[in-house]
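Structural description and commentary
Next come the chains, spelled out residue by residue.
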Amino acid sequence: MKGIILAGGLGTRLYPLTYATNKHLLPIYDQPMIFYPIKTLVDAGITSIAIVTGGPHAGHFMRVLRNGKALGIKHLEFLYQENEGGIADALRLCEDFADNDNIAVILGDNTTDMDISPHVKNFKTGAMVFLKKVPDPERFGVAAFSGEKIVHIDEKSKNPKSDYAVTGLYIYDNKVFSYIHKIKPSGRGEMEITDVNNCYIDNGNSLQYTKMKHYWSDCGTFESLYAASKFWHDKKKI
């Protein structure tokens, strides 16, 4: 399985910090933010990784990561997203890199202490999303259930059907790129990964899920950036 980290965007919610560098290179306690998703993949045995970035600070990644060897990466590629076209648009750029292999995808501002290696090892076909119970589900794509099955994912609904958010961690088979080519931009002009996940539901209900009991957070706001730093500080001091 190959790994993909999506680390584009301008990080406008973190201005003025992101005037200086890409959001995903800001510190979470004692490491650059992107070190955390890299560790999640490498700890699961995924050592061939592509990083999709964009914006005016894209070149900073090469200075920080170099060839990735110090972080356990055996093969590292960089891809450039010219516009902010959404998560699915960024993932679309990785089709040649994936080369028909299964892929684990994680957003570059996500941090978790969950060991995903069992899910990587046991994955066969379809897709898997990692869900987290959150107090503010309206900020996320949210799973709607019928019994134990996900029947739909609603993107940033004002009336969420559950409090289980779809985190920025996914596993896909090679059908993901054919689904990306079929979807259309949403009302906000972006190619939504939620639409891709719904394609898996609508085509044979091949979307699996696991509910995360471990720590998880995105780090796209000042509050979450601070909270994540505190969590990792406390965890590493134990």
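The structure we're discussing is the one just above.
The paragraphs below set out a description of the structure included in this document. (Residues numbered from 1 in each chain as written. Predicted model: local features only at pLDDT ≥ 70, side-chain atom pairs only at ≥ 80, totals over all residues. Heavy atoms only, no water.)

Attention shifts here to the nonpolar core. Core analysis: the largest hydrophobic core is formed by 36 residues, its most contacted members being Leu91, Ile103, Tyr172, Val176 and Val196. Residue contributions to this core peak at 5 residues, all from helix α7 (residues 193–202). Excluding residues that lie within four positions of it along the chain, tyrosine 172 makes contacts with Leu91, Asn102, Ile103, Val105, Phe123, Gly126, Ala127, Ile193, Asn197 and Tyr200. Formed by 31 residues, the second largest nonpolar core is a distinct cluster that contains Ile49, Phe61, Ile73 and Ala104. (Core = buried A, V, L, I, M, F, W, Y, C linked by side-chain atoms within 4.5 Å. Buried < 20%, exposed > 50% of the residue type's maximum accessible area, 1.4 Å probe, protein only. Helix = DSSP H or I, 4+ residues; strand = E, 2+ residues; numbered from the N terminus. Contact = heavy atoms within 4.5 Å.)

In terms of burial, strand β4 (residues 48–53) is a largely internal element, 6 of the 6 residues being buried. Alternating positions in β4 separate into two faces, Ser48, Ala50 and Val52 on one and Ile49, Ile51 and Thr53 on the other, with burial throughout. Bridge analysis of strand β1 (residues 2–7) against β4 gives 5 bridges, and the strand direction is parallel. Following the sheet pairing, isoleucine 5 is matched in β4 by isoleucine 51. Across 6 bridges, the pairing between β4 and strand β5 (residues 75–80) is parallel. Bridging across to β5, threonine 53 finds its partner in tyrosine 80. A crossover links β4 with its parallel partner β5, the connecting element being helix α2 (residues 60–65), and its sense is right-handed. (Pairing = 2+ DSSP bridges. Right-handed = clockwise from strand over helix to strand, strands pointing away.)

Attention shifts here to helix α1 (residues 35–43). In terms of burial, α1 is largely enclosed, as 7 of its 9 residues are buried. Every buried residue belonging to α1 is among Phe35, Tyr36, Pro37, Ile38, Thr40, Leu41 and Val42, and all of these are buried. Once α1 ends, the next one or two residues include glycine 45, with phi positive near 90 degrees.

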